[in-house]
Amino acid sequence: MRRRPEHAHAYRLAGQIYAARADWERAAVMLDQARTHTPQNPLYAWEASLIYDQMNRVVEQAPRISLMEGF
């Protein structure tokens, strides 16, 4: 990304590295950057959607505390 900041594939690879580390937020940011640089490539949008789906799963599995008891 430092050598070729306009090259979308570098952002894609960074997104994949962050995803492998389960750092979903950074992975999403990198894949969104890839989509910004090459919006006509559907691969970047598809991979970003996979990351957002994984983020949604993490949120759904997070422990919850009911706020109704406080009312």
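If you're wondering where the values come from, they're calculated on a predicted model, not measured in any experiment. (Residues numbered from 1 in each chain as written. Predicted model: local features only at pLDDT ≥ 70, side-chain atom pairs only at ≥ 80, totals over all residues. Heavy atoms only, no water.)

1. Focus: the pattern of salt bridges
Piece 1. This structure, assessed with the given rule, holds four salt bridges.
Piece 2. Measuring nitrogen to oxygen at the nearest pair gives 2.8 Å for the salt bridge that ties Glu-47 to Arg-12. Placement of the pair is Glu-47 in helix α3 (residues 42–61) and Arg-12 in helix α1 (residues 8–20), with a sequence separation of 35 residues. No difference in accessibility class separates Glu-47 from Arg-12, as the two residues are buried. (Salt bridge = Lys/Arg side-chain N within 4 Å of Asp/Glu carboxyl O. Helix = DSSP H or I, 4+ residues; strand = E, 2+ residues; numbered from the N terminus. Buried < 20%, exposed > 50% of the residue type's maximum accessible area, 1.4 Å probe, protein only.)

2. Observations regarding a nonpolar patch on the surface
Piece 1. On the surface, a nonpolar cluster with roughly 290 Å² of combined accessible area is contributed by Leu-43, Trp-46 and Leu-50.
Piece 2. One can find Leu-50 in helix α3.
Piece 3. Residue class for Leu-50 comes out partly exposed when judged on its relative accessible area of 41%. (Patch = residues over 30% accessible without salt bridge, like charges linked within 9 Å, V, L, I, M, F, W, Y side chains within 5 Å. Areas by Shrake-Rupley, 256 points an atom, 1.4 Å probe, with all protein chains shown as cover.)

3. Description of the environment of His-37
Piece 1. Looking at the secondary structure, you find His-37 in helix α2 (residues 24–37).
Piece 2. Residue His-37 is classed as partly exposed on the basis of its relative accessible area of 31%.
Piece 3. For His-37 and His-9, which are 28 residues apart along the polypeptide, the C-alpha to C-alpha distance reads 9.2 Å.
Piece 4. The contact partners of His-37, leaving out residues within four places of it in the chain, are Pro-5, Glu-6, Ala-8 and Tyr-11.
Piece 5. There is a polar contact of 2.8 Å between the side chain of His-37 and the backbone oxygen of Gln-33. (Contact = heavy atoms within 4.5 Å. Polar contact = N/O pair within 3.5 Å; in protein donor to acceptor, adjacent residues only side chain to side chain.)

4. Remarks on the environment of Val-58
Piece 1. Here Val-58 lies in helix α3.
Piece 2. Between the alpha carbons of Val-58 and Trp-24 there is a distance of 9.4 Å; along the sequence they are 34 residues apart.

5. As for the packing of α2 against α3
Piece 1. Here α2 crosses α3 at 160°, and the two axes come no closer than 9 Å. Considering the angle they form, α2 stands roughly antiparallel to α3. By crossing handedness, the relation of α2 to α3 is classed as left-handed. The residues of α3 that touch α2, namely those facing Trp-24, Glu-25, Ala-27, Ala-28, Leu-31, Asp-32, Ala-34 and Arg-35, are Tyr-44, Ala-45, Glu-47, Ala-48, Ile-51, Tyr-52, Gln-54, Met-55 and Val-58.
Piece 2. Residues belonging to the contact of α2 with α3 are distributed by class as follows: twelve nonpolar, one polar and four charged. (Axes fitted to C-alpha atoms, helices over the stretch in contact; angles between N-to-C directions. Parallel < 35°, antiparallel > 145°, perpendicular 65-115°, else oblique. Left-handed = near helix turned anticlockwise from the far one by under 90°. Nonpolar A, V, L, I, M, F, W, Y, C, P; charged D, E, K, R; others polar.)

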